[in-house]
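What the coordinates show
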Protein chains: 2
Amino acid sequence: MDERTYTADAEPGDEATVAGWVHEIRDLGGIAFLILRDTTGKIQIKFEKDEMDDDLVETGLGVHRESVIRVAGAVEEEERAPTGVEIVPDSVEVVAEADPELPLDPSGKVDAELPTRLDNRTLDLRKDEVKAIFEIRAELLRSVREAFRGLGCTEINTPKIVATGTEGGTELFPITYFGEEAFMNQSPQLFKQLMVGSGLERVFEIGPIFRAEEHNTPRHLNEATSIDFESAFFDESDAMDACETVVRAAYEGVAENCADQLDALGLAETFEVPDEAFPRLSYEEAIERINATGELDEQLVWGDDLPTEGEHALGKEMGQHYFITEWPSEIKPFYIKDKDDGQLSTGFDLMHPSMELVSGGQREHRYDHLVDGFEQQGLDPDAFEYYTKMFRYGMPPHAGWGLGGERLVMTMLGLDNIREAVLFPRDRQRLSP
Amino acid sequence: MDERTYTADAEPGDEATVAGWVHEIRDLGGIAFLILRDTTGKIQIKFEKDEMDDDLVETGLGVHRESVIRVAGAVEEEERAPTGVEIVPDSVEVVAEADPELPLDPSGKVDAELPTRLDNRTLDLRKDEVKAIFEIRAELLRSVREAFRGLGCTEINTPKIVATGTEGGTELFPITYFGEEAFMNQSPQLFKQLMVGSGLERVFEIGPIFRAEEHNTPRHLNEATSIDFESAFFDESDAMDACETVVRAAYEGVAENCADQLDALGLAETFEVPDEAFPRLSYEEAIERINATGELDEQLVWGDDLPTEGEHALGKEMGQHYFITEWPSEIKPFYIKDKDDGQLSTGFDLMHPSMELVSGGQREHRYDHLVDGFEQQGLDPDAFEYYTKMFRYGMPPHAGWGLGGERLVMTMLGLDNIREAVLFPRDRQRLSP
């Protein structure tokens, strides 16, 4: 059935059958042009009304925009055509007629608001610059997985239906699982840790996570893609090295394989692979530098989490990806290992100038300390016995991190809203499509 | 921190630090051997009691099995050692002591039942033959993705939280989504179809699906990994071609890159990449051949679904992967397109001799027919308007399929239970770990 020629492959001298969407019809009187669009590009179909069968002309020029048609004919050189070639049709078949009124204009001539675009993603994705985002997203995932394999990781898939959440009952979506209460998992954290104590030692997972946060901001999603890494015998510094390798690989893959897509997004000239090592700033330095910018109304003190405006002020100064390390133990989760003095943790964040991308650290691998941590966090260690128990049977020191997939796409491409990086986003208001 | 040498890389003449698990200790009196295991293999550590520091000997030989230790010393040739080398230790550090009693024996000398193994996956995965399954699973996913890219597909990720299920309200797990009723998605079917009408045209997704089936069999999971494909301008025959390419690629990837793992599973001699084209049997032929085997108590008649025993009888005869095509329309879902006569559908299944792997077909792309289909299925088309609406704006003919990821692993490796192919399976009784 798919005996068609992609528009990008139509060469002068060919007899070709192309199929795709009616992008535009320009009727100049005696001559008319139909621009047909497929996934590879666009091609001009020429109708010389006096020299062609009336039925053919009527079919070709009477069809509504965005209908699917199939056109067979001779490919000819034509300098004035957008791609340098055009097709003189022998036949035109209307495969799927579109309604005359469209909820949004895929030619992009009429702007649409984001909610309209998300309600009509099928049409929205006919625009080059939208399609480009998702082609880049796919390439990013490909190159990230390749980088993980280069680091000796085994890909894992962990369950999304769980009996207990990683960080307790808040922010979890409840499910009814055959009459029992269960939840959608907010992070593969505990499962990936269980794997570093197995014979696999070093693992990655790319999969959905679910957070019932009430936030409704341009940076939050209730269902997101998490890129997770965990390795036995790694400390936080090793984990940061791995993180830098993976983030850089994503940029490199896109730079190498997505030239057309970057062009469609107007990024061909400005896109850059980060070339320098990502600086590592201690939390203490970070708050000092933020305070020194004078951009906050109130000075930050030790133990404060970094407010969004603080992140922005520091990001502006840094102008590149950077790590913040040595966070106060008290503001990192219980499964992050403390440094020797107990005040500082091994936790780190990777920051893009505009927002946090990654959270990671060395993990607490000592059974007694871990169980204490659960209690201090107000969690019942018994509910997590499936996890803690394994720490009694030879759990090596280990470290890892989680990277927000959509945030990586968003920051890489300078998108204003994280929903631009998801086909069908889920947020406080949006559950469909 | 990870300055260690993997056991597989320790060469005679090296001063090496290795780290891993205490697999076994054999004390022969004046001399004792500790076998240390890491992700790359095992290495012998030799303790000559009279010639070594007492503390060192005591630490090395007093440690419980499956503890994590770090050993530094000289690597020496030793023909009688399992890998031809051994380490004479200068230092032994106990990194994480294991309890003396283990819930299962990672050396595999004592068999454990599947529930015990699943409760203690960390320990279970220290066994070579279990680890091998998941390393093969990872390679299978890698090669499948590569095959999809070879077919010109874009990788997509579609939402797992949905307002309506693909095939209605049965078999769905309900979620509370900010006070609204929602469900965990049972298939990316509708979303991937929406993508073929977009500029992407050809897509794949590998992700979790959720089915609240009450079945509790060795072939069913309530959370599984679905490998999905969908392409514009494909008919069912094109989709079967793509399916064959992808399944064969999975076998080829494993054959090329998992020799050690196949060996660990005892499959080194018998593993075969399917070399012939997968035969395509019509449903009518299939029931005739099943009836002819005489293995069913009751003869099948037109319109019957194939019972498991029927699949097995036919599978035994076929002895290879095969497609069953031209199913009666009435037993295929409404979104599968009928053939011209209306009695036969374009639906197909790919069968392994032991079970169904894939379900696919050409889809109904005509708006009116699709809406009728919803009604005939007893579903309210209005609830699916987000989906049907897009069929009014130029939806090309298209076809695709869904392949059960765990079933592919299970049939490839001859596993008895599908739970062997999942790290942390979810079934009627199992929600944790």
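The shown structure was predicted, so the numbers you read here are calculated from the model rather than taken from an experiment.

**Some thoughts on the pairing of strand β14 (residues 348-352) of chain A**
All names here are of chain A. The element β14 is extensively covered by neighbouring structure, given that 5 of its 5 residues are classed as buried. Residues Phe348, Leu350 and His352 line one face of β14 and the alternating positions Asp349 and Met351 line the opposite face, and both faces are buried. The pairing of strand β13 (residues 322-325) with β14 spans 3 bridges and is classified as antiparallel. Residue Tyr322 lies in a different strand from β14, and its bridge partner there is Met351.

**Structural notes on the UniProt feature "binding site: Mg(2+) 2" (unreviewed entry) in chain A**
All names here are of chain A. Mapped onto the present numbering, the UniProt feature "binding site: Mg(2+) 2" (unreviewed entry) falls at Glu356 and Ser359. For Glu356, a relative accessible area of 25% gives the class partly exposed. With residues near it in sequence (within four places) discarded, Glu356 still touches Glu311, Asp349, Leu350, Met351 and Arg407. Topologically, Ser359 is positioned in strand β15 (residues 355-362). Beyond its immediate chain neighbours, meaning those up to four positions away, Ser359 contacts Lys332, Phe348, Asp349, Trp401 and Gly402.

**Regarding the sheet that holds strand β2 (residues 31-38) of chain B**
All names here are of chain B. A barrel is described by the order of its strands in space; here 5 strands give the closed sequence β1-β2-β3-β5-β4, paired in mixed fashion. Averaged over neighbouring strand pairs, the angle between their axes works out to 50° when direction is ignored. In the sheet, strand β1 (residues 15-27) pairs with strand β4 (residues 68-77) via 7 bridges, with the strands oriented antiparallel. Looking at the pairing, Ala19 lines up with Arg70 of β4. Relative to strand β5 (residues 85-96), helix α1 (residues 54-62) is tilted by about 75°, and along the sheet it contacts β1, β2, β3 (41-48) and β5.

**Considering helix α9 (residues 308-318) of chain B**
Residues spaced three or four apart along an α-helix face the same direction, because each turn holds 3.6 residues. Looking only at α9 of chain B, the buried set comprises Gly310, Glu311, Ala313, Leu314, Gly315 and Met318 of chain B. Looking at the residues trailing α9 of chain B, positive phi occurs at Gly319 of chain B, about 65°.

**Digging into the environment of Arg80 of chain A**
Residue and element names in this part refer to chain A. Within the fold, Arg80 resides in the loop between β4 (68-77) and β5 (85-96). Judged by its relative accessible area of 75%, Arg80 falls in the exposed class. Polar contacts involving the side chain of Arg80 include one to the side chain of Glu78, which spans 2.9 Å.

**Overview of the interface of chain A and chain B**
Taken together, the contact pairs 97 residues of chain A with 98 residues of chain B. Both faces combined, the contact of chain A with chain B buries some 8,200 Å², and carbon together with sulfur accounts for 63% of it. Inspection of the region where chain A meets chain B yields 6 salt bridges. A salt bridge links Glu201 of chain B to Arg4 of chain A, with the nearest nitrogen and oxygen atoms 2.5 Å apart. Applying the counting rule to chain A against chain B returns 38 residue pairs in polar contact (both at pLDDT 80 or more). Broken down by element, the residue count for the side of chain A that touches chain B peaks at 9 residues, all from helix α4 (residues 128-150) of chain A.

**Considerations on the domain arrangement of chain A**
Along its sequence, chain A is organised into domain 1 (7-96) and domain 2 (122-279 + 320-421). The distance between the C-alpha centroids of domain 1 of chain A and domain 2 of chain A comes to 47 Å.

**Side note on unusual backbone geometry**
Here the bond from Ser432 of chain A into Pro433 of chain A is cis, since omega is 0°, no more than 30 degrees from zero. Along the chain, Pro433 of chain A turns up in the segment after α12 (405-413).

**Remarks on the environment of Thr388 of chain A**
Residues and elements named next belong to chain A. Relative to the helices and strands, Thr388 is located in helix α11 (residues 385-388). For the pair Thr388 and Val409, spaced 21 residues apart in sequence, the C-alpha separation works out to 35 Å. When residues no more than four places from it in sequence are discounted, the contact partners of Thr388 are Tyr367, Leu370, Val371, Phe374 and Pro381.

**Examining the packing of α4 of chain A against α12 of chain A**
Residue and element names in this part refer to chain A. Look at α4 against α12: their axes get within 11 Å of each other, and the N-to-C directions meet at 120°. On the basis of their axis angle, the class for α4 and α12 is oblique. Helix-helix and strand crossings are classified by hand; for α4 and α12 the assignment is right-handed. Residues Ile133, Ile136, Arg137 and Leu140 of α4 form the contact with α12, whose own contacting residues are Glu406, Leu408, Val409, Met412 and Leu413. Here the residues of the contact of α4 with α12 sort into 7 nonpolar, no polar and 2 charged.

**Thoughts on a negative patch on the surface**
All names here are of chain A. Among the surface-exposed residues, Asp368, Asp372, Glu375, Asp380, Asp382 and Glu385 lie close enough to one another that they form a single negatively charged patch. Looking at which element gives the most residues to the negative patch, the answer is helix α10 (residues 367-376), with 3 residues. Residue class for Glu375 comes out partly exposed when judged on its relative accessible area of 49%.

**Focus: the state of the cysteines**
Residue and element names in this part refer to chain A. Evaluation of the coordinates by the stated rule reveals 0 disulfides over all chains. The thiol of Cys153 is not disulfide-bonded; the next cysteine sulfur, from Cys243, is found 12 Å away. When its relative accessible area of 9% is taken as the criterion, Cys153 is described as buried.

**Things to note about the relation of the copies chain A and chain B**
Two copies of one chain are present, and they are related through a rotation about an axis combined with an axial shift. Of the transformation placing chain A onto chain B, the axial shift is 0.0 Å and the rotation is 180°, giving an RMSD of 0.0 Å. On this basis, the relationship between the two copies can be described by a two-fold rotation axis. For chain A, the minimum C-alpha distance to the rotation axis belongs to Ile175 of chain A and amounts to 2.3 Å.

**With respect to the UniProt feature "site: Important for tRNA non-discrimination" (unreviewed entry) in chain A**
Feature annotation in UniProt places "site: Important for tRNA non-discrimination" (unreviewed entry) on Pro82 of chain A, given in this structure's numbering. Tracing the sequence through the fold places Pro82 of chain A in the loop between β4 and β5.

Rules used in this analysis
- Residues numbered from 1 in each chain as written.
- Chains lettered and ligands numbered in written order.
- Predicted model: local features only at pLDDT ≥ 70, side-chain atom pairs only at ≥ 80, totals over all residues.
- Heavy atoms only, no water.
- Buried < 20%, exposed > 50% of the residue type's maximum accessible area, 1.4 Å probe, protein only.
- Helix = DSSP H or I, 4+ residues; strand = E, 2+ residues; numbered from the N terminus.
- Pairing = 2+ DSSP bridges.
- UniProt positions renumbered as here; feature names shortened; annotations may be inferred.
- Contact = heavy atoms within 4.5 Å.
- Axes fitted to C-alpha atoms, helices over the stretch in contact; angles between N-to-C directions.
- Polar contact = N/O pair within 3.5 Å; in protein donor to acceptor, adjacent residues only side chain to side chain.
- Buried area = accessible area lost by both parts, 1.4 Å probe.
- Salt bridge = Lys/Arg side-chain N within 4 Å of Asp/Glu carboxyl O.
- Domains from an automatic or database assignment.
- Parallel < 35°, antiparallel > 145°, perpendicular 65-115°, else oblique.
- Left-handed = near helix turned anticlockwise from the far one by under 90°.
- Nonpolar A, V, L, I, M, F, W, Y, C, P; charged D, E, K, R; others polar.
- Patch = residues over 30% accessible without salt bridge, like charges linked within 9 Å, V, L, I, M, F, W, Y side chains within 5 Å.
- Areas by Shrake-Rupley, 256 points an atom, 1.4 Å probe, with all protein chains shown as cover.
- Lys, Arg positive; Asp, Glu negative; His and termini not counted.
- Charge placed at Lys NZ, Arg CZ, Asp CG, Glu CD.
- Disulfide = S-S within 2.5 Å.
- Least-squares fit on C-alpha atoms with pLDDT ≥ 70 in both.

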